[in-house]
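Reading the structure
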Amino acid sequence: MNKQDLTSMTSCELVEALIDDNALSEDFDRLNLWEEFEDWDWSSLLSAQPQFVDKCDEYNGWENLHSYTWRSLLSKQPQFADKCDEYKGWEKFDSNDWYDLLKSQPKFIGRAKIYLRGWLAILRTNPELALEFDKWNEFDARYWIYLLFVHPQFVDKCDEYGGWKKFDSSNWSYLLKFQPQFADKCDKWNEFDYYDWIKLLSVHPQFVDKCDEYKGWKKFASKDWRDLLSKQPQFADKCTKYKGWKKFASWSWIDLLSAQPQFADRCDEYKGWETIDPSDWSYLLSLQPQFADRCKEWRWFNSLDWSYLLYAQPQFADKCSDKMYDKFSQKVWSELEATHPNVFEEKHMLSNHRKLAKD
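Not measured: the values here are computed from a predicted model.

**Digging into the packing of helix H6 (residues 67–76) against helix H8 (residues 95–104)**
Interhelical geometry of H6 versus H8 gives an angle of 5 degrees and a closest axis separation of 9 Å. Judged by the angle between their axes, H6 and H8 are roughly parallel. Contact residues: H6 offers Ser-67, Tyr-68, Arg-71, Leu-74 and Ser-75, while H8 offers Asp-97, Asp-100, Leu-101 and Ser-104. Class assignment for the residues of the contact of H6 with H8 results in three nonpolar, three polar and three charged.

Have a look at this one:
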């Protein structure tokens, strides 16, 4: 491989080349290419070719390794644990790094026990070791959530060590989304904002009574109603009661009707069709072509709107004007003809004839 080939490569490509041919290391020395390496490059190289450890020493590659690159490296080459000690790599690990590392290298459980984040990973993978753990009071809400997600049996520990007091409304909505049985522990319902309610009700509509009790509906904007009704259409009556439909803009109607076309009558009632612009119509009709009779904006579609729609719904081919067809690029024609054989060939031919006639 010549000099020009190497110097034009990205650092990732250099690593791949060196792994394939170790003899290139002399060229790397001569061209000083080691300095191009970033943290992931060193991790990838040493994972595959640990004999290059001296180069990582020489060019101080260890200093720049992040937690995920340490984790990746140690999962394949655990003998570099002493380097992780020397460069304080363990201190960068979060609980997910520990979790992933321990799955591939359980031998590091001793080191994990030194760190609170390490203990969280241990408890997630080996809950039977809870008897050895004595720092429950140091867990914050995030740690409790991670643990209770997978091992709800630790609820007694959360009770005993006052873990619930550390939860804010966002923590609660996140936990209840996955473990709704803890609802009786929640004391922050009155602090729930619209995003907390959406997050929770989208998955667990049974909490509607809580949203009623704490007047959560009053906090919803059009996008919030859209997001909720797209997943839980049974709340349409709440949207009516709290005048949510009147807040809908073009994009809210489009997204809702794309997911729940049965709300077309609401769009009729609140004149939502009149708010929809041509590009939004193109998107909606590509998913729900049955609304074509409601569209009054055909003449305002541009060539991008038409190409997008026709790619998904070729039955609208005759609605597109010659003028718009003549603006299609060769790439658009190729994609249409490849996707819908025997539909657009004649349209393409006539467009070419019109262009030739103008020249």
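More follows now that the structure is in view.
**A look at the packing of aromatic side chains**
The way to describe two aromatic rings as a pair is by their centre distance and the angle between their planes. Tallying each qualifying case throughout the model produces 57 aromatic pairs. Each ring, one from Trp-40 and one from Tyr-68, has its centre 6.0 Å from the other, and the planes form 35 degrees; the classification is tilted. Placement of Trp-40 in helix H4 (residues 39–48) and of Tyr-68 in helix H6 is noted, with a sequence separation of 28 residues between them. Ring geometry for Trp-164 and Phe-182: centres 5.7 Å apart, planes at 55 degrees, overall tilted.

**Focus: helix H2 (residues 11–20)**
For H2, every residue scored as buried is listed here: Ser-11, Leu-14, Val-15, Ala-17 and Leu-18. The arc that holds the buried residues of H2, viewed along the axis, is 165 degrees, so those residues lie on one side.

**Notes on the side chain of Ser-173**
The residue Ser-173 is located in helix H13 (residues 169–178) in this model. Among the polar contacts made by the side chain of Ser-173, one reaches the side chain of Lys-199 at a distance of 3.3 Å. Beyond its immediate stretch of four places on either side in the chain, Ser-173 contacts Phe-192, Asp-196, Lys-199 and Leu-200.

**Let's talk about the environment of Ser-334**
For Ser-334, the location among the structural elements is in helix H23 (residues 330–339). Among the residues examined, Ser-334 registers a relative accessible area of 36% and is labelled partly exposed. It is 9.5 Å that separates the C-alpha atoms of Ser-334 and His-348, two residues lying 14 residues apart in sequence.

**A few points about the nonpolar core**
In this structure, Leu-74, Leu-285, Trp-306 and Leu-310 are the most contacted members of the largest nonpolar core, which totals 108 residues. Per-element tally for this core: the top contributor is helix H11 (residues 141–150), with six residues. The residues contacting Leu-310, other than those within four sequence positions of it, are Phe-316, Ala-317, Cys-320, Tyr-325, Phe-328, Leu-336, His-340 and Phe-344.

**What to know about the environment of Asp-140**
With respect to the secondary-structure elements, Asp-140 resides in the loop between helix H10 (116–125) and H11. A sequence separation of 22 residues divides Asp-140 from Gly-162, and the C-alpha atoms of the two residues are 9.9 Å apart. For Asp-140, the side chain forms a polar contact with the main-chain nitrogen of Arg-142, separated by 3.1 Å. A polar contact is formed between the side chain of Asp-140 and the backbone nitrogen of Tyr-143, at a distance of 3.0 Å.

**What about unusual backbone geometry?**
When glycine is set aside, most residues are seen to have a negative phi, and most peptide bonds are trans. If you check the backbone angles, Asn-60 has positive phi at about 55 degrees while not being a glycine. Mapped onto the fold, Asn-60 is located in the loop between helix H5 (53–58) and H6. With a phi close to 55 degrees, Lys-88 is a non-glycine residue in the positive phi region. Looking at the element boundaries, Lys-88 is found in the loop between helix H7 (81–86) and H8.

**A few points about a negative patch on the surface**
Together, Glu-13, Glu-16, Asp-20 and Asp-21 line one region of the surface with negative charge. Following the sequence through the fold, Glu-13 ends up in helix H2. Look at Glu-13 and you get partly exposed, because its relative accessible area is 39%.

**Overview of a nonpolar patch on the surface**
Judged by side-chain polarity, Tyr-283, Leu-287 and Tyr-308 come together as a nonpolar surface patch covering roughly 280 Å² of accessible area. Topologically, Leu-287 is positioned in helix H20 (residues 278–287). Exposure remark for Leu-287: the relative accessible area of 43% places this residue in the partly exposed category.

**Quick word on the pattern of salt bridges**
For the structure shown, the criterion picks out 21 salt bridges. Between Glu-58 and Lys-55 there is a salt bridge whose closest N-O contact spans 3.6 Å. Within this pair, Glu-58 and its partner Lys-55 are both found in helix H5, separated by three residues, close to a single helical turn. Residues joined by salt bridges that share partners form a network here, namely Arg-71, Asp-97, Asp-100 and Lys-103.

Calculation notes
Residues numbered from 1 in each chain as written. Predicted model: local features only at pLDDT ≥ 70, side-chain atom pairs only at ≥ 80, totals over all residues. Heavy atoms only, no water. Axes fitted to C-alpha atoms, helices over the stretch in contact; angles between N-to-C directions. Helix = DSSP H or I, 4+ residues; strand = E, 2+ residues; numbered from the N terminus. Parallel < 35°, antiparallel > 145°, perpendicular 65-115°, else oblique. Contact = heavy atoms within 4.5 Å. Nonpolar A, V, L, I, M, F, W, Y, C, P; charged D, E, K, R; others polar. Phe/Tyr/Trp six-rings, centres within 6.5 Å; stacked < 30°, edge-to-face > 60°. Buried < 20%, exposed > 50% of the residue type's maximum accessible area, 1.4 Å probe, protein only. Arc of directions from axis to C-beta. Polar contact = N/O pair within 3.5 Å; in protein donor to acceptor, adjacent residues only side chain to side chain. Core = buried A, V, L, I, M, F, W, Y, C linked by side-chain atoms within 4.5 Å. Patch = residues over 30% accessible without salt bridge, like charges linked within 9 Å, V, L, I, M, F, W, Y side chains within 5 Å. Areas by Shrake-Rupley, 256 points an atom, 1.4 Å probe, with all protein chains shown as cover. Salt bridge = Lys/Arg side-chain N within 4 Å of Asp/Glu carboxyl O. Lys, Arg positive; Asp, Glu negative; His and termini not counted. Charge placed at Lys NZ, Arg CZ, Asp CG, Glu CD.

The analysis is restricted to geometry; functional conclusions fall outside its scope.
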